[in-house]
Each structure stands twice: as structure tokens, then as C-alpha cells.
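# A structural walkthrough
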Amino acid sequence: MYPRTIKLFLRLAISTAFLSAVADRLGMWGKDVSFWGNWGSFLQHTQLINPWFPNAMIPAIANLVTVAEVIFGICLIIGLKTELFAKLSGLLLLLFALSMTFSTGIKGALDFSVFTASAGAFALSLMKEKYCELDLLIFKSQD
């Protein structure tokens, strides 16, 4: 495979995973394929993997994470500031993985490949050549 193809694959894999997870918690996936299925279940799961935060903070954390996943997902799909959003995605995914590990054990983080996704996002952040990215149009228009 060519580096450009790998970069595009990483962008699409990470971004669609974020957007699919958001769709799940908003009830947009069918019940037979959902993990959360609705916002209430997502809030319960957020509390489960973040037991060190007071219950009153869980809705704010859930909203913040959801907004971040939407923004990161869209920016990675269109190729806007790819290196930046890939690093931020790697950090967010690493936080998810560590929260899962310290709250419920490492098996969930391994089974859901959260460490792998985090590593993929960090690897994506190191790929400097632009390919099928909005940044190509933005930087060309500034030249």
C-alpha cells in the first residue's frame, strides 16, 4: 500500500468510528447493533468509566466528549488541520483507554481496540504529505 492510501484509510477509519459512536448514543443505530442506543445509557456508561468524577459532572463530560468526537470526525474526514486533529484524537482515545482500564479493567480497552485506535491517530498525526484534504485547497489559495 502507498502512504497516501494508508493516510486516507486512517483518516476515514478514525473519523467514522467517532461519528458512529455519536450516532449510537443519539439512538440513530438500530437496537440490534447498538452499544448504548440512547443518551441515558451513554451517560450511565460515562459514569461507569469515570467513577472519580461527581455524578453532577457526568452530563458535561458526556457533552464535551460528544462535541469533540463530532468536530474531530468531521475535520478528519474533510482533511482540515489533519495533523492537529489526529493528535487531539489520539489524546482523546488514550484518555478513553486509560479511563476504561482504571475503572473496569484492561480487557474492555483491549477488546474495543481503543489503544490501537489511539496509536493509529498518533501515527496519522506524523504523516505530513497532504492527500485528498481540504488543507490542500486552503494552502494553495494562500500561495
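Computed from a prediction, not measured in an experiment: that's the story for all the values here.

### What about the overall build of the chain?
Check the secondary structure of the chain and you find seven helices and zero strands. Listing the helices and strands of the chain from first to last along the sequence gives α-α-α-α-α-α-α. Taking 15 Å as the expected radius of gyration for a compact globule of 143 residues, we find that the chain reaches 16 Å, a close match to that expectation. Taken along the three principal axes of its C-alpha coordinates, the chain extends 50 × 30 × 25 Å. Within the chain, buried positions represent 36% of all 143 residues. In the chain, once contacts between residues fewer than 6 apart in sequence are set aside, the share between residues at least 24 apart is 63%. If the 11 positive side-chain charges of the chain are averaged to one point and the 9 negative ones to another, these points end up 3 Å apart.

### Examining helix 1 (residues 3–25)
In this model, helix 1 (23 residues) spans 33 Å end to end at C-alpha, consistent with the 33 Å of a helix rising 1.5 Å per residue. Among all positions in helix 1, only Lys7, Leu10, Arg11, Ile14, Ser15, Phe18, Ala21, Val22, Ala23, Asp24 and Arg25 are buried. For helix 1, the elements touching its buried residues are helix 2 (39–49), helix 3 (58–78), helix 4 (82–104) and helix 6 (114–125). Count one or two residues on from helix 1 and you reach Gly27, which has phi positive near 80°.

### Focus: the environment of Phe96
As for its placement among the helices and strands, Phe96 is situated in helix 4. Distance from Phe96 to Ala109, taken between C-alpha atoms, is 8.0 Å for residues 13 residues apart in sequence. Excluding its chain neighbours within four sequence positions, the residues that come into contact with Phe96 are Val65, Glu69 and Val114.

### Examining the side chain of Lys130
Relative to the elements of secondary structure, Lys130 occurs in the loop between helix 6 and helix 7 (134–142). A polar contact of 2.8 Å, which involves the side chain of Lys130, links it to the side chain of Glu83. Setting aside its immediate chain neighbours within four residues, Lys130 contacts Lys7, Glu83, Asp135, Leu136 and Phe139.

Parameters at a glance
Residues numbered from 1 in each chain as written. Predicted model: local features only at pLDDT ≥ 70, side-chain atom pairs only at ≥ 80, totals over all residues. Heavy atoms only, no water. Helix = DSSP H or I, 4+ residues; strand = E, 2+ residues; numbered from the N terminus. Rg over C-alpha atoms; globule rule 2.2 N^0.38 Å. Buried < 20%, exposed > 50% of the residue type's maximum accessible area, 1.4 Å probe, protein only. Contact = heavy atoms within 4.5 Å. Lys, Arg positive; Asp, Glu negative; His and termini not counted. Charge placed at Lys NZ, Arg CZ, Asp CG, Glu CD. Expected span 1.5 Å × (residues − 1). Polar contact = N/O pair within 3.5 Å; in protein donor to acceptor, adjacent residues only side chain to side chain.

Spatial relationships are all this shows, so hold off on functional conclusions.
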